Amino acid sequence: MEDDPCILPVADRMSLAIAYKTRNPLTPIRVVAYLFDVPTSTLGHRLNGRRDVKTFCQRLSVLEKSSLVKWMTQLMNWGWPPTISQLERMATHLLVCKGDCKPLGKNWYDGFLERHPDYRLKYSKALDQARKDISTPESYRKWFDLYTSTIKEYGILHGDQYNMDEKGIAMGLIDSVKVIVSKEEMSRYMVQPGNREWASLIECVSDDGFVVPT
């Protein structure tokens, strides 16, 4: 086996043991129990009909669900957290590949996320790739150091210092959508190329409260 089953919870190892025994009926139960580190008697009871109905009603195997989690994590690391529809399409693909063509339940994703509490749903925000690349503590420190030194060097008054806010209207802008993220994340951005034409609305207010007329 590629993955060591002993690192999994007992319930998951039991499911794998039952699946293995089903595919290999001639293998003794005690051997299967040893391979997956589960009690021989419990495995025998499950195989004889006293099975966990909830576990067997789940159409995706333990390894398939683990693959979905790895896929979600990889997309998050790339800055493309998956949407609900993407998760459902990937799950459907795994089912179809093994001959299960029945549609997923209406709220299947709710049950999936409930069984994986390290992930949650959150609305995403769009962030240009260039802006993402410079959004580091070091880049912020350099900017404020430069800002402070420039004010001192040229004696810039408070009334000549302005805070600017802009609202951009762009082609190809990513809408805010619900995506799946790690529960530790306070925010999540979906990275977009950044190479498009912008129409910008700009608002300026000086350090002493003067507002530039619009």
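Here is a short report on the structure shown in this document.

Once that is clear, we can look at helix α5 (residues 62-77). In a regular helix each residue adds 1.5 Å, so 16 residues correspond to 22 Å; α5 covers 23 Å between its end C-alpha atoms and thus fits that length. Restricting attention to buried positions, one finds in α5 the residues V62, E64, K65, L68, V69, M72, L75 and M76. In the segment just after α5, G79 is the residue with positive phi, at about 90 degrees.

Summarising the element assignment, K21 is placed in helix α1 (residues 10-23). Buried within the structure, K21 lacks any salt-bridge partner; its nearest side chain of opposite charge belongs to D37, at an N-O separation of 18 Å. At 2.3 Å, the side chain of K21 forms a polar contact with the backbone oxygen of T27. If sequence neighbours within four positions are ignored, K21 has contacts with L26, T27, P28, I29, V32 and L47.

If you look at the biggest cluster of nonpolar residues, it comprises 15 residues, and the most contacted ones within it are L68, M72, L87, W108 and F112. Those elements giving two or more residues to this core turn out to be α5, α6 (84-97) and α7 (108-114). If we skip the residues at most four places from it in the chain, W108 touches L60, L68, L87, E88 and A91. Counting residues in each nonpolar core, the second largest holds 11 residues, with M14, A17, I18 and L47 among its members.

Calculation notes
Residues numbered from 1 in each chain as written. Predicted model: local features only at pLDDT ≥ 70, side-chain atom pairs only at ≥ 80, totals over all residues. Heavy atoms only, no water. Helix = DSSP H or I, 4+ residues; strand = E, 2+ residues; numbered from the N terminus. Expected span 1.5 Å × (residues − 1). Buried < 20%, exposed > 50% of the residue type's maximum accessible area, 1.4 Å probe, protein only. Lys, Arg positive; Asp, Glu negative; His and termini not counted. Salt bridge = Lys/Arg side-chain N within 4 Å of Asp/Glu carboxyl O. Polar contact = N/O pair within 3.5 Å; in protein donor to acceptor, adjacent residues only side chain to side chain. Contact = heavy atoms within 4.5 Å. Core = buried A, V, L, I, M, F, W, Y, C linked by side-chain atoms within 4.5 Å.

Take it as geometry only, folks, not as evidence of what the structure does.
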